[in-house]
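# Results of the structural survey
Listed below are the residues making up each chain.
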Amino acid sequence: MNPITVDEIHRTDHKLPSLPAVVIELLATMEKEDVDISDLCSKIAKDQTLTAKTLRLANSSFYGMTQQISTIHDAITLLGFRTVRNLATTAALIGVFSSSSDNGFSVAPFWRHALACAICAKELAPHCKVNPEQAYTGGLLHDIGRLVLATQFQTHYESAMAYRVSHDCSLLEAEQTVLGMTHAKVGELIASQWRLPLVIQSAIAGHHSATLADMSPTSFVIMAADAIAHALDFSNDPCDLVPSIPSGFMERLGVDEATLFQVFKNAERQFVPASLVLNP
């Protein structure tokens, strides 16, 4: 079997579900200071499915609102634009990639882990002087390359998974050996084609880096969040394993044990109400 090429990844873009235009705009606002919130509010409201899912999350027990939030405008007023942006982006991304592949790859554990990683990244970010919203989005999308491989290159993906089992090696080693590139690289290519903010592209590319030298602060946060989410087993996947992290990583992250324990608690508290977005 021939390795997958960069050109082949680029050609999958037209086969992937299209991101709603409003989501692309929401993601682009992460790098802008001057945002027309009223305009984005109107665009979200025009998508009935997206609005319904966003409001379901806004009214979840996690936010503890004493009054019912019935419009996107109300949600922004009561929760803030950044929170609603995260809710809408999460609902939209999961919505467009919600079907299971016929090769046995189930998207449910995938998105449970992605959502958990996003929550952990958001909780870690302030302690590491990283933008929490960018960390959240990077965490949500960190494994998007794996989803692309499983759905668009099924035969290759099955071979990589078989190699992993037969050689008792890491997922990255199996991918690099069989596919010629890892899901982190595939994710970076897809994020670039979607024109996501550069900080998100870099975070996706570096969340499994073997060395610390070239990692961005956001990549540090997402690598740590990924390990935490795996360790807490949010995915309910019996094959879930905690990924290895480079030597000296936790020292470089600069987060003490008490802070990590608080991140664990906060993530566990937030996950159940946040996982409402996973429901149809």
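Please refer to the structure placed before this passage.
Since this is a predicted model, take the numbers as computed values, not measurements. (Residues numbered from 1 in each chain as written. Predicted model: local features only at pLDDT ≥ 70, side-chain atom pairs only at ≥ 80, totals over all residues. Heavy atoms only, no water.)

All right, on to the overall build of the chain then. When you go through the chain residue by residue, the secondary structure sums to 16 helices and 0 strands. For the chain, whose C-alpha radius of gyration is 18 Å, the value lies close to the compact-globule estimate of 19 Å for 280 residues. Burial status across the chain gives 50% buried among its 280 residues. In the chain, once contacts between residues fewer than 6 apart in sequence are set aside, the share between residues at least 24 apart is 67%. (Helix = DSSP H or I, 4+ residues; strand = E, 2+ residues; numbered from the N terminus. Rg over C-alpha atoms; globule rule 2.2 N^0.38 Å. Buried < 20%, exposed > 50% of the residue type's maximum accessible area, 1.4 Å probe, protein only. Contact = heavy atoms within 4.5 Å.)

On to helix α5 (residues 72-79), then. If you check which residues of α5 are buried, you get Ile 72, Ala 75, Ile 76 and Leu 79. An end-on view of α5 places all buried positions within 95 degrees of arc, on one side of the element. Residues of α5 that are exposed and point more than 90 degrees away from the buried face comprise His 73 and Thr 77. Tucked into the core, α5 has its buried residues touching α3 (37-46), α4 (48-58) and α6 (81-96). (Arc of directions from axis to C-beta.)

Opposite charge on two side chains permits them to pair, given that their charged atoms come into close proximity. Taken as a whole and assessed by the stated rule, the structure comprises 5 salt bridges. Here Glu 133 and Arg 82 are joined by a salt bridge, their closest N and O atoms 3.9 Å apart. Of the two residues, Glu 133 is situated in helix α8 (residues 132-141) and Arg 82 in helix α6; the sequence distance between them amounts to 51 residues. In this structure Arg 82 comes out as exposed when scored by relative accessible area, which is 51%. Lys 185 serves as the salt-bridge partner of Glu 188, at 3.4 Å between the closest nitrogen and oxygen. Taken as a pair, Glu 188 and Lys 185 lie in helix α12 (residues 183-193) at a separation of 3 residues, close to a single helical turn. Judged by its relative accessible area of 26%, Glu 188 is partly exposed. A single salt-bridge network, built from bridges that share partners, covers Glu 25, Asp 39 and Lys 43. (Salt bridge = Lys/Arg side-chain N within 4 Å of Asp/Glu carboxyl O.)

For the pair helix α10 (residues 154-167) and helix α11 (residues 171-179), interaxial distance at closest approach is 8 Å and the crossing angle is 130 degrees. Comparing the axis directions of α10 and α11 gives the class oblique. Along this stretch, α10 crosses α11, giving a crossing that reads as right-handed. Across from His 156, Tyr 157, Ser 159, Ala 160, Met 161, Tyr 163 and Arg 164 in α10, the residues of α11 making contact are Leu 171, Ala 174, Glu 175, Thr 177, Val 178 and Leu 179. Of the residues that constitute the contact of α10 with α11, the class distribution is 8 nonpolar, 3 polar and 2 charged. (Axes fitted to C-alpha atoms, helices over the stretch in contact; angles between N-to-C directions. Parallel < 35°, antiparallel > 145°, perpendicular 65-115°, else oblique. Left-handed = near helix turned anticlockwise from the far one by under 90°. Nonpolar A, V, L, I, M, F, W, Y, C, P; charged D, E, K, R; others polar.)

Roughly 260 Å³ of internal volume is contained in the second largest pocket. Counting only elements with at least two residues in the lining of the second largest pocket, the list comes to α6, α7 (107-124), α8 and α16 (257-274). Here the lining of the second largest pocket gets 5 residues from one element, more than from any other, and that element is α6. Classifying every residue of the lining of the second largest pocket by side-chain character gives 10 nonpolar, 5 polar and 3 charged. (1 Å grid on protein atoms, 1.4 Å probe; cavity = no way out; pocket = protein on both sides within 12 Å on 5 of 7 lines; lining within 4 Å. Points joined across faces, edges and corners; volume = space filled by probe spheres on them.)

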